[in-house]
Amino acid sequence: MAKTDALQGSLDLLVLKILSRRPRLHGYAIMAAIADTSGEVLRAEEGSLYPALYRMEEAGWIRAEWIKKDTGRRARVYELTAAGKKQLGAEESRWQAVSVAINRVLREA
Amino acid sequence: MSLWSRISNAFRGDRLNREIDEEMQSHIDEAIASGRDPGEARRAFGSALLVRETSHGIRVAGSLESLLADIRFGWRQLWRNKVTSLAAVLSLALGIGSCVAAFRLIDALLWRPLPISGANRLFALSRKLIGPEGKPIEDRYWSTPDFNVMRTAVKDQADLIAISDADRTDITWSTDDEIEKAHVVYVSGNMFPLFGLEPALGRLLAPADDRGPGLAPYAVLSCDYWNHRFGRDPRVLGRSVHIEDQVFEIIGVGPRDFTGTETGTVTDLFLPLSMNSLSTRNGVSWHHTFLMLKPGVNPTTTLEPLRQHLSAVSHAFETACSTCFRGATQATRDRLLNKTLVLNPAGAGISELQKEYRRYLGVLGLLVVLVLLIACVNVANMMTAQAAARAQEMALRISIGAGRRRLIQLILTQSALLALLASAVGALFAAWSAPFVLGLVNPPDTPARLDLPADGRVLLFGLALILVVVLLLGLLPALRASAVRPVAALKGGEDPHSPRRFMRVAIALQVAFCVLVLFLSSLFVTSFQRLQNRPLGFSTDRLLLLQTVAGKGQLPVVWDQTAEALRAAPGVDSVAIAGWPLLGRIKINTDVSINNGPPSPTPVFFLYISPGWLSTMKIPLIAGRDFRPEDASPGAAIVNETFAKTFFPGEDPVGRTFSRGVHHPINKIVGVTPDVPDHDLREPNRALFYMPFNPVGDNGAPTPAEFGTFVVHTKAGNPLALADSLRQLIAERRNGLRVSNVTTQLDLVRDQTIRERLIATLGGFFAAVALLLAGIGLYAVLNYSVLQRRREIGIRMAIGSSRTSIVRLVTFDSFLMIALGGCAGLVLGFGAARYVTSLFYQVKATDSEMIVLPACAILLTALLATLPAVLRALRTDPTEILRAE
């Protein structure tokens, strides 16, 4: 449960960052990548990942495409748009500012 | 982009759901493939439905999607009740179409601003005074010298513009001898610049073209005339046109939209004001005067001082004018000088057509609005019945959480669907009917030409109308339906009577509107019938009228010889000459003085006629004799009965004498005829005398006549068949006479009743529609109520109720409502009739038959409409009902 709370408000940032490094991932791969790179500390819930993906798609930050996989099944893969790159920059600097501020509070309070 | 994808997604909701499901499934497959427990992987998603719902909501414009769902649902509802929906759409279409058509006519004639700059700063000057018959009249004409004085007096605050009526004038183009008719307007040189108009070709008239009498023989064509007479030929510049004995050079073509300031008449030729010989005459009022405020001047503060200033200047001019009231008595002079100058907004132009039709169009507007209301009440009723049938469904929707807003949207969507379908059909109806009605207005010799564009104004009106209709139709049923308390409704309804109560009020409303339409229409129809059946006192059968002009005039003998030639033509029965035709547009009056006494208090009208005219017109002689060829005017005279009664009461007028004004030559009465209407069918008969079409001057020598009308009685039934050959015959004689207009006496009589015919036709049509709609509405309500009360009726029958009491049970309330509505309609009718009394001819709103007629019509309709429901009630089989229970 703590994992989800840590993700609150930063899921967008994580998804954008993952997609900026590794384009054309489907939902499961994005989820797996978040878990992997965070050393299994952060886990995106399926129940909130997909609404977030759709929201970002409607916002124009990412775009989706159906591809045919080797198994013959179709998968929907996502990649960043130009607007998404800009958004990533904004989210990153916001996150930096917030974490700096939180760290300061932790140190000095 | 995002909004667009959300909107487009709304149109493919099902596919979207499938895609979302597929993506979820592929996620789960991946999870399983990577070694997760299938059950756990599925559980991780939580409620699949919820995820899908949330995801769907993000990707779709939700309100649009629900709207689409409502539209689909509404369409299915309409489709399921095809017959009622069709009836609803058609009746609404009729209502909406009629309203739009009426709006097009009213807007084009009365409201639409002229296509000029500063139409809102344009005012027309007129004067209110007491007319010769003692009634207040409005004089809209001015003399040019008076105009000039006023123009100089106010030149710092406003500009004055002079514009004459668009008179249908005989013109000849230099290349051919054929006489043509064109609407000619004289305008002051400042009109085009002040109106901000630019030429389509050449140049327009300028102030310099108005510098003095006869100095600028220039003419400007209207673009419309250039179009249809010259096919937009640019070589028209420099051509000359002959009008009477003047020659004008074409210097330009006006802008495309501008057809003059006389709404309903399209001007063909614009000429400079100073080119009209009347422009130098002090005493002749012949053109309109418009006032245009300077830009930026505030009308509310400047208009009244301007009016007073103009009034004082004009009054001073007339008082000082020596020739203005020449020959008038002191009393007449005082009456003419005592007038009030009025400024009326004229941004929509001014015309006789506007004056004549303003009230008729008002009545027409009222009728169409009433028909639309009836249609709306009708359809709202139908929807209430449907809503009542769906009370359970609504209750279910509410109990599973549908919001009130959502339900209102559902019902409003359905009414919007109906309204849109209806307006599509209505638009077709309006497109056809507005020109059709305008066609009914047209007298043949001066057709009204009105631009009826279907532009933004009409569109805006149509949209507003649809909105009103949607609200009228849907809002009440929607509010009612959504106010359903689910628990009560699911238990079987808290008040089973409430929809019926609403429908009963609707009946009363419908009947009230219907009676109002019937009442007004029957007044107009009766008016028209009485006017049409008014005894004329002369025959209109097989009478061809050749209105003829003779340039500078021809001696009576030339006219007589021409008449003789016409008499010899095949197919001609008899020929006579009159100065102008009966019931044409011309009337000329004069003072009459008996035995050199004072002039008569009211003017008397006269007409020049040749011997034989009375018998050709089938007007009998009461006493005395007809004119003889040797009679001349002044000299002999024939008078009508009213003349005889007015001036020689109780005496034999034959042999008595009178003169036209004091110290004028004496006329001796040789005969007396019955009264005939000579100018207006609606007016009571008045004193009239005839003089021989053989005028002599003071020296006793014959004087030339410039115009006259050959009245030809033909042998064949259709007098117009002879028109061309007779016109040819006159032209071939080359004696200076030229036919300028051909018509029949019957057409002149018909023209007199055009307005009444129009409003009676439309009134009758709308009355029939209103009755039909009311009948359908009544039928639907009763039928519904019987269906609803089948159980009650069955039980009553089973316990021995008589048939009469069943009929009474079914119909009593409705007839009570019909009676209430009928009374309300009549009260409204009396109120409305008071505003239009002047439009009636020999009919009063309080005439008993005027009340009985609509009452009978509505009762008969009600009986017919209730019959099926009553039969259905009586055929109710109690055993069947009770078995079903």
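A quick note: this is a predicted structure, and the numbers were derived from the prediction, not measured. (Residues numbered from 1 in each chain as written. Chains lettered and ligands numbered in written order. Predicted model: local features only at pLDDT ≥ 70, side-chain atom pairs only at ≥ 80, totals over all residues. Heavy atoms only, no water.)

A. Structural detail: the overall build of chain B. The secondary structure content of chain B amounts to 27 helices and 23 strands. On C-alpha atoms alone, chain B measures out to a radius of gyration of 37 Å, which is more than a quarter above the 29 Å that the 2.2 N^0.38 rule sets for 885 residues. For chain B, the spread of C-alpha atoms along the principal axes amounts to about 130 × 75 × 60 Å. Counting all 885 residues of chain B, 51% fall into the buried class. Considering only intrachain contacts with a sequence separation of at least 6, the fraction spanning at least 24 residues in chain B is 81%. As presented, chain B carries roughly 40,700 Å² of accessible surface, and 59% of it is formed by carbon and sulfur atoms. Computed over 89 positive and 77 negative side-chain charges, the inter-centroid distance for chain B is 8 Å. (Helix = DSSP H or I, 4+ residues; strand = E, 2+ residues; numbered from the N terminus. Rg over C-alpha atoms; globule rule 2.2 N^0.38 Å. Buried < 20%, exposed > 50% of the residue type's maximum accessible area, 1.4 Å probe, protein only. Contact = heavy atoms within 4.5 Å. Areas by Shrake-Rupley, 256 points an atom, 1.4 Å probe, with all protein chains shown as cover. Lys, Arg positive; Asp, Glu negative; His and termini not counted. Charge placed at Lys NZ, Arg CZ, Asp CG, Glu CD.)

B. A look at the sheet that holds strand β3 (residues 74–80) of chain A. Residue and element names in this part refer to chain A. The strand order across the open sheet formed by three strands is β1-β3-β2, and the pairing between neighbours is antiparallel. Where the open sheet ends on each side, the last strands, each with one partner, are β1 (25–26) and β2 (62–68). Where β2 meets β3, seven bridges bridge the pair, whose relative direction is antiparallel. Counterpart to W66 in the pairing with β3 is R76. On the sheet, helix α2 (residues 11–21) packs against β1, β2 and β3 and is oriented at approximately 95° with respect to β3. (Pairing = 2+ DSSP bridges. Axes fitted to C-alpha atoms, helices over the stretch in contact; angles between N-to-C directions.)

C. Region of interest: the confidence of the model for chain B. In the predicted model, chain B carries a mean pLDDT of 85, and 95% of its residues have values of at least 70. With pTM at 0.77, the complex prediction returns an ipTM value of 0.83. (pLDDT = per-residue confidence, 0-100.)

D. Spotlight on the interface of chain B and chain A. Contact with chain B, which involves 23 residues of that partner, is made by 21 residues of chain A. Both sides of the chain B and chain A interface together cover about 2,000 Å² of buried area, and 52% of this is carbon and sulfur. For chain B, the biggest contributors to the area lost against chain A are E23, H27 and E30 of chain B; these three give 29% of the whole. In this structure, the connection of chain B to chain A is made through two salt bridges. (Buried area = accessible area lost by both parts, 1.4 Å probe. Salt bridge = Lys/Arg side-chain N within 4 Å of Asp/Glu carboxyl O.)

E. Examining the packing of aromatic side chains more closely. Residue and element names in this part refer to chain B. Within the structure shown, the criterion is met by 30 aromatic pairs over all chains. Pairing W613 with Y690 gives two aromatic rings, centres 5.6 Å apart and planes at 45°, and the pair type is tilted. One end of the pair, W613, is in helix α19 (residues 613–616); the other, Y690, is in strand β21 (residues 688–692), with 77 residues separating them in the sequence. Through a chain of ring-to-ring contacts, the aromatic side chains of W580, F606, Y608, F643, F647, F658, F689 and F707 assemble into a single cluster. Between R127 and the ring centre of W142, over which it is positioned, the NZ or CZ distance is 3.7 Å. Here R203 stacks its cationic end above the ring of Y218, 5.5 Å away from the centre of that ring. (Phe/Tyr/Trp six-rings, centres within 6.5 Å; stacked < 30°, edge-to-face > 60°. Lys NZ or Arg CZ within 6 Å of the ring centre and 35° of its normal.)

F. Structural view of the UniProt feature "domain: ABC3 transporter permease C-terminal" (unreviewed entry) in chain B. In this structure's numbering, the residues bearing the UniProt feature "domain: ABC3 transporter permease C-terminal" (unreviewed entry) are residues 366–482 and 765–877 of chain B. A distance of 42 Å separates the end C-alpha atoms of residues 765–877 of chain B, which is 82% helix and 0% strand. (UniProt positions renumbered as here; feature names shortened; annotations may be inferred.)

G. Layout of the UniProt feature "transmembrane region" (unreviewed entry) in chain B. Residues and elements named next belong to chain B. As recorded in UniProt, the sites labelled "transmembrane region" (unreviewed entry) are residues 86–106, 360–380, 415–438, 458–481, 502–525, 758–785, 806–831 and 851–874. Taken end to end, residues 86–106 comprises 100% helix and 0% strand; its first and last C-alpha atoms sit 30 Å apart. Along residues 806–831 the backbone is 100% helical and 0% strand, and the end-to-end C-alpha distance reaches 39 Å.

H. Molecular detail of the UniProt feature "domain: Transcription regulator PadR N-terminal" (unreviewed entry) in chain A. Annotation from UniProt places "domain: Transcription regulator PadR N-terminal" (unreviewed entry) at residues 15–89 of chain A. Structurally, residues 15–89 of chain A comprises 53% helix and 21% strand, and the distance from its first C-alpha atom to its last is 13 Å.

I. Focus on the environment of I754 of chain B. Position of I754 of chain B relative to the elements: it lies in helix α23 (residues 754–788). A sequence separation of 314 residues divides I754 of chain B from L440 of chain B, and the C-alpha atoms of the two residues are 7.4 Å apart.

J. Region of interest: the packing of α2 of chain A against helix α5 (residues 82–108) of chain A. Residues and elements named next belong to chain A. Relative to each other, α2 and α5 sit at 125°, their axes nearing to 9 Å. With respect to their mutual orientation, α2 and α5 come out oblique. In the packing of α2 onto α5, the handedness of the crossing is left-handed. Contact residues: D12, L13, L16, K17 and S20 in α2; G84, Q87, L88, E91, E92 and W95 in α5. (Parallel < 35°, antiparallel > 145°, perpendicular 65-115°, else oblique. Left-handed = near helix turned anticlockwise from the far one by under 90°.)

K. Representation of the environment of R796 of chain B within the structure. All names here are of chain B. Considering the arrangement of structural elements, one finds R796 in helix α24 (residues 790–798). The class of R796 is partly exposed, set by a relative accessible area of 33%. Once residues lying within four places of it in the same chain are set aside, the contact partners of R796 are S801, I806 and L809.

L. Main features of a nonpolar patch on the surface. All names here are of chain B. On the surface, a nonpolar cluster with roughly 330 Å² of combined accessible area is contributed by L467, L471, L475 and L479. Turning to its location among the elements, L475 is positioned in helix α15 (residues 456–482). For L475, a relative accessible area of 33% puts it in the partly exposed group. (Patch = residues over 30% accessible without salt bridge, like charges linked within 9 Å, V, L, I, M, F, W, Y side chains within 5 Å.)

M. Layout of the confidence of the model for chain A. Averaged over all residues, the pLDDT of chain A equals 83, while 91% of them reach at least 70. Low confidence marks residues 1–6 of chain A, where pLDDT is under 50. Its contacts with residues over four positions away, or in another chain, come to five contacts.

N. Molecular detail of the pairing of strand β4 (residues 167–173) of chain B. Residues and elements named next belong to chain B. Summarising burial for β4: five of the seven residues are buried, a large majority. Note that β4 and strand β5 (residues 180–187) share five bridges and pair antiparallel. Within β5, the position partnered with R168 by the bridge is H183. Inspection of the sheet shows β4 paired to strand β8 (residues 240–243) by three bridges, in the antiparallel sense. Among the inter-strand pairings, T172 is bridged to a residue of β8, identified as H242.

O. Spatial organisation of helix α7 (residues 144–153) of chain B. All of the buried residues along α7 of chain B are T144, P145, D146, F147 and M150 of chain B. Packing partners of the buried residues in α7 of chain B comprise β1 (122–130), β3 (158–164), β11 (287–293) and α10 (299–320) of chain B.

P. How the structure looks around the pattern of salt bridges. Residue and element names in this part refer to chain B. Scanning the model with the defined rule gives 39 salt bridges over all chains in all. Where D146 meets R127, a salt bridge forms, and the shortest distance between an N and an O atom there is 3.6 Å. With a gap of 19 residues between them, D146 in helix α7 and R127 in strand β1 connect regions that are remote in the sequence.

Q. Representation of unusual backbone geometry within the structure. Residue and element names in this part refer to chain B. Cis peptide bonds are those with omega within 30 degrees of zero, and the linkage from S633 to P634 qualifies with -5°. Tracing the chain through its elements places P634 in the loop between β17 (623–624) and β18 (636–640). Despite not being glycine, R232 shows a phi value in the positive range, around 60°. Structurally, the position occupied by R232 is in the loop between α9 (223–230) and β8.

R. Structural context of the packing of helix α3 (residues 27–37) of chain A against helix α2 (residues 13–33) of chain B. Contact geometry of α3 of chain A with α2 of chain B gives a least axis separation of 8 Å together with a crossing angle of 50°. Classified by the angle their axes make, α3 of chain A and α2 of chain B are oblique. Contact residues: α3 of chain A offers G27, Y28 and M31 of chain A, while α2 of chain B offers H27, E30 and A31 of chain B. Its residues assigned to classes, the contact of α3 of chain A with α2 of chain B comprises three nonpolar, two polar and one charged. (Nonpolar A, V, L, I, M, F, W, Y, C, P; charged D, E, K, R; others polar.)

S. Up close: the pairing of β8 of chain B. Residue and element names in this part refer to chain B. Going residue by residue along β8, you find V241 and I243 tucked away on one face and S240 and H242 left uncovered on the opposite face. Here β8 pairs with strand β9 (residues 246–253) via four bridges, running antiparallel. Looking across to β9, one finds that S240 is bridged to E249.

T. The arrangement of the nonpolar core in detail. Residue and element names in this part refer to chain B. Counting residues in hydrophobic clusters, the biggest one holds 103 residues, and the most contacted among them are L92, Y357, L418 and L523. Residues contacting Y357, with those up to four places away along its chain left out, are L109, V441, I754, R755 and L758. If you look at the next biggest cluster of nonpolar residues, it comprises 45 residues, including F605, F627, F689 and Y690. (Core = buried A, V, L, I, M, F, W, Y, C linked by side-chain atoms within 4.5 Å.)

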